[in-house]
Amino acid sequence: MPFIVIPGPYIKPHFWIIENIKMTRSILSEKTVCYHCGETCLTTRYTIAEKQFCCQGCKAVYTILADNNLCNYYNFNDHPGANRNRLDKRFQYLDEPGIMKELVDYTDDQLTIVTLYIPHIHCSSCIWLLEKLNKFNPAIYYSRIDFLKKQLNVKFNPAAISLRELVELLYDIGYEPLISLQDVIKKQNAEPKDNLVQRIAVAGFCFGNVMLLSFPEYLGLSAFEQSFKHFFGWLNILFCMPAVFYSGWEYFNSAYSNLKNRVLNIDFPLALGIAVLFLRTVTEVITHTGAGFADTLCGLVFFLLVGKFVQRKTYHHISFERDYRSFFPVAVQVITDNGEKPVPIAELKVGQRILLRHNEIIPADAILLKGEALIDFSFVTGESVPVSKTLGEIIYAGGRQTSEAIELEVVKPVSQSYLTQLWNNEVFTRSGNNRMETFNQRVSKYFTIVLLVIAIASLLVWLPNWQRGLAAFTAVLIVACPCALALSTPFTMSAALSIFDKNLFYLKNTAVVEQLAGINTIVFDKTGTITAPADSHVGLNGYLTDHQKQLIYSVCSNSNHPLSRMICHYLGNLEKLPVVNYREVAGMGIMASVGSHEVKIGGGRLLFHKDDGEADATKVLLMVDGVYLGYFTFRQRYRNGLKRIAQLGDDYKLFLLSGDSNHEKDELLSVFKQAERMNFNQSPQDKLDFIRLLHQMNARVMMVGDGLNDAGALKQSDLGIAVTDNVNNFSPGCDAILDGRAFDKLPQFLRFAKNTVSIIHISFLISLTYNLIGLSYAITGLLSPLTAAVLMPLSTATIISFTSIATHIVAKKRNLL
Amino acid sequence: MSIIYFLIGCSVLLALAFLSAFFWAQRSGQNDDLYTPSVRILLDDEQEAVEDK
């Protein structure tokens, strides 16, 4: 964790050596990083007090903090800020009472309480600053961070500062809250109200006291101490009551409801074991025939609940259940006769005119009416290069406008847009989980039947002797109570889960590990999944001298167009020359003069006044002083480790589903082997149907995708994995989230999941061995409470230590630790 | 040996006191966020400390 305190500001030396402009090294300046966010500074324009900033936004945040004497923020960590390249502050919609009511937890005249999700919270500086909001505005009474959930709880006086002003303040200091319609926060905070921790506490309390009271019995009590024995016995029963009727009650409930549905799951033998233990203990104490099994009973309940607790691992900061509502904005500006007005997008109607500014998301399918549309569909398709649209064209919802403000007319309501209609598909209304049966479910069916047969057989064997028979019957049920079996899965799975977690692979729950081991078909999406979205590969066709590079860099650095920025990044940090007569022609390119040179950068129409006809690959042509020098190409780079993915072809059937045309078919053939396994030009519905088709062929399918267009396929598959480069950003609903940096480890993950399942099988065998040992005592009807009390914790301890050690060793072997 | 009855009574009462203390802590939300306080305690407010002197 980044909590090392490095005192003092830290700036890399920054100087230029201008000796000989023709020498290669000379025009490269020393790399500087932004004091606020740590990005490389492309320009020296933003400097205050010898501190370099990469953009106006970062500089502005620094100024605000400096004005409020809060620059200590920078002393706890290096570059703690978020990059503030984007400047768009639009929170007018927070003034709408309807929207505000949805967001706040509590409000009256004096006090409003709101919980905001802030993805950027990542270090101690964040805690330090955000808990000092009071210094910015005294109307904020209280601000507390929950670091792991990345949530900020604020109490403020609504008469002095509105919710909008509060959010704008947070925005100004670099912590923009993520406000979406599908409020994830409320759902996460509403934790399951089954009081598991309290029930563990009660079971532990009973277990400890019962052990204390049972100990004299183990050591043997002399004749004159018999009165103590009865006293201890009655106290034990008293302690068993809360353990059975409070802590362990859910096992009876679950066993009953499963029996009603004609399912035999592991809860049935557990409930049976608990009931038999309790009844036998009560009978023995009342009839003075023995000490009972109170210690085993309380221990069993305690360990089982601990197993449940371990299984319930959650990632507070990751949401696996997001749908389109959390992707789209809360409100959009609608143009009415009386000017602009923010309208919640659910109330958006067909025919309304909406205004979208720079960096806003198009909420519904709409026709472009006015302005230059340059739409970034990276969240939808994974393609990072923005698409240019002409007037009158339909723009599908989900794109982000990257150019100036545009006006659109809505043609479909939000819920019926091209992308969101997927959510009306039956896949999303399917409530039950009809996915693969887990090992535990399969085994416990047979286990229960065998257990009952043995128990009844041992009763029948002793039949004329009712007492002995009943003793054997109950002893079998006690000893064979599948405590270790019930614990093997949660402990192995949670150990596996934390190993996946360390390798940036986040699984929704423990059952996903088993699903991961069971699949035999893998379907990949192309754009954004096997290609890296943020990292377009810039290629230069042609030769440029250093001086020409510098000319192009100088011109491009004036433009905010994404392609210009990529060219600047590609050329590196060169010295900027003064640029005059700069002109940017929308959709065509840029022209400018640098010194005595005339530079033209852009498409064929600008340079040669004709189209070159190639619309496929994005090209930027270069011309200096009328001489054509070559062009830049922008292609998406494949993620690292695609070759290793190809090796998966030996064990799994690999398929590719791409929304793109097939111009990369030949390169991908080396991965997917057969051309018919690659499907191009697939719509979101096609992807979903393809998965369904594979299901009909009895394949167990894992879908690896990223954007909203894969959402249907992810949901339809047996196991949906969303690949993302920032786990805090939006990703569609899925079973697991894979950080793009760990993409190359996918084969290891699959093998590790298989090993984990083997570990569960082995630990099942171990627990069976213990059961057999116990059974050999039990069927004789002579099970002593001490044997039971030793066997149960011993088997549990063996299982827990075996599973954690084995998982650790396997993870080491797979290079995951 | 009847002192044992008294002693056991005491020990059970003490254990119940701890159990109820845990319940109180759980209900009042003290265990909701187990991570942030561990960071918060390391952040001292240097500037205010200087003003105090």
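Residues numbered from 1 in each chain as written. Chains lettered and ligands numbered in written order. Predicted model: local features only at pLDDT ≥ 70, side-chain atom pairs only at ≥ 80, totals over all residues.

In this section: helix H10 (residues 249-260) of chain A. With 12 residues, H10(A) extends 17 Å between its outermost C-alpha atoms, agreeing within 8% with the 16 Å of an ideal straight helix rising 1.5 Å per residue. Downstream of H10(A) by one or two residues, A:Arg262 has phi in the positive range, about 55°. (Helix = DSSP H or I, 4+ residues; strand = E, 2+ residues; numbered from the N terminus. Expected span 1.5 Å × (residues − 1).)

Within helix H22 (residues 562-571) of chain A the residues assigned to the buried category are A:Leu563, A:Ser564, A:Met566, A:Ile567, A:Cys568 and A:Leu571. A:Gly572 sits one or two positions beyond H22(A) and adopts a positive phi of about 90°. (Buried ≥ 20, exposed ≤ 12 C-beta atoms within 10 Å, placed from the backbone.)

On to the interface of chain B and chain A. Counting residues at the interface gives 16 residues for chain B and 17 residues for chain A. Elements represented by at least two residues in the side of chain B that touches chain A include exactly helix H1 (3-27), helix H2 (36-40) and helix H3 (46-52) of chain B. Sort the elements by how many residues they give to the side of chain B that touches chain A and H1(B) lands first, with 7 residues. Counted by class, the side of chain B that touches chain A contains 10 nonpolar, 3 polar and 3 charged residues. (Contact = placed C-beta atoms within 7 Å. Nonpolar A, V, L, I, M, F, W, Y, C, P; charged D, E, K, R; others polar.)

Turning next to the pairing of strand E21 (residues 597-602) of chain A. Taken together, the 6 bridges between strand E20 (residues 589-594) of chain A and E21(A) define a ladder with antiparallel strand orientation. Across the sheet, A:Ser593 pairs through a bridge with A:Glu598, a residue of E21(A). (Pairing = 2+ DSSP bridges.)

This part takes up the packing of helix H28 (residues 746-778) of chain A against helix H29 (residues 785-813) of chain A. All names here are of chain A. Between H28 and H29, the least distance of the axes is 10 Å, while the angle of their chain directions is 165°. One finds that H28 runs roughly antiparallel with respect to H29. Viewed along their axes, H28 and H29 form a crossing whose handedness is right-handed. Residue-level contacts link Phe 752, Asn 755, Thr 756, Ile 759, Ser 763, Ile 766, Ser 767, Tyr 770, Gly 774 and Tyr 777 of H28 to Thr 787, Leu 791, Ser 795, Thr 798, Ile 799, Phe 802, Thr 803, Ala 806, Thr 807, Val 810 and Ala 811 of H29. (Axes fitted to C-alpha atoms, helices over the stretch in contact; angles between N-to-C directions. Parallel < 35°, antiparallel > 145°, perpendicular 65-115°, else oblique. Left-handed = near helix turned anticlockwise from the far one by under 90°.)

The next thing to look at is the environment of A:Thr787. Residues and elements named next belong to chain A. With respect to the helices and strands, the residue Thr 787 is situated in helix H29. Given 17 C-beta atoms within 10 Å, Thr 787 falls into the partly exposed group. Taking the C-alpha atoms as reference points, Thr 787 and Val 306, 481 residues apart in sequence, are found 23 Å from one another.

So, about the pairing of strand E27 (residues 719-724) of chain A. Residues and elements named next belong to chain A. Most of E27 sits inside the fold, with 6 of its 6 residues counted as buried. Side chains Leu 719, Ile 721 and Val 723 of E27 all project onto a buried face; the interleaved residues Gly 720, Ala 722 and Thr 724 project onto the opposite face, where all are buried too. Where strand E26 (residues 701-705) and E27 come together, 4 bridges link them in parallel fashion. Residue pairing in the sheet places Met 702 in a bridge with Leu 719 of E27. Read from E26 through helix H27 (residues 711-716) to E27, the crossover connection turns out right-handed. When E27 meets strand E28 (residues 736-739), the two strands line up parallel, connected through 4 bridges. In the sheet register, Ala 722 faces E28, and the bridge partner there is Ile 737. (Right-handed = clockwise from strand over helix to strand, strands pointing away.)

Glancing now at the packing of helix H12 (residues 294-311) of chain A against H29(A). All names here are of chain A. The N-to-C vectors of H12 and H29 enclose an angle of 15°; their axes lie 9 Å apart at closest approach. Regarding the angle of H12 to H29, the classification is roughly parallel. Our pair here, H12 against H29, has a crossing hand that is left-handed. Here H12 contributes Asp 295, Thr 296, Gly 299, Leu 300 and Phe 303 to the contact with H29, which in turn contributes Ala 788, Ala 789, Met 792, Pro 793 and Thr 796. Classifying every residue of the contact of H12 with H29 by side-chain character gives 6 nonpolar, 3 polar and 1 charged.

Bringing the sheet that holds strand E16 (residues 505-507) of chain A into the picture now. Residue and element names in this part refer to chain A. Strand order across the open sheet formed by 7 strands is E16-E28-E27-E26-E17-E24-E25, with mixed pairing between neighbours. With partners counted over all chains shown, the strands left at the sheet margins are E16 and strand E25 (678-679), one partner each. Of the strand pairs in this sheet, E16 and E28 are connected by 3 bridges, and their pairing is antiparallel. Paired with Leu 507 across the two strands is Ala 736, which belongs to E28. Across the sheet, helix H26 (residues 684-696) touches strand E17 (521-525), strand E24 (653-657), E25 and E26, and the angle it forms with E26 is around 160°.

Moving on, we come to unusual backbone geometry. Residues and elements named next belong to chain A. Here the phi dihedral of Asn 681 falls at roughly 55°; this positive angle occurs in a residue that is not glycine. With respect to the helices and strands, Asn 681 occurs in the loop between E25 and H26. Classification of Asn 681 as exposed rests on a count of 10 C-beta atoms within 10 Å.

All names here are of chain A. Taken together, the 4 strands give an open sheet; going across it, the order is E3-E4-E6-E5, and neighbouring strands pair in antiparallel fashion. A single partner strand is all that each edge strand has here, and the edge strands are strand E3 (104-107) and strand E5 (140-146). The sheet shows a mean angle of 15° between the axes of neighbouring strands, direction not considered.

For chain A, the average pLDDT comes to 80, and 88% of its residues sit at 70 or higher. Low pLDDT (under 50) marks residues 1-29 of chain A, which in the prediction has 44 contacts with non-local residues, meaning those over four places away or in another chain. (pLDDT = per-residue confidence, 0-100.)

The next subject is the environment of A:Trp462. Residue and element names in this part refer to chain A. Tracing the sequence through the fold places Trp 462 in the loop between helix H16 (439-461) and helix H17 (466-479). A count of 18 C-beta atoms within 10 Å places Trp 462 in the partly exposed class. Along the sequence, Trp 462 and Ala 472 sit 10 residues apart, while their C-alpha atoms lie 8.2 Å from each other. When neighbours within four sequence positions are excluded, Trp 462 is seen to be in contact with Arg 468, Gly 469, Ala 472 and Gly 781.

To continue, consider the confidence of the model for chain B. Residues of chain B with pLDDT of at least 70 account for 83%, and the chain-wide mean is 82. Note that residues 49-53 of chain B has pLDDT below 50 and, in this model, 1 contact with residues that lie over four places away or in other chains.

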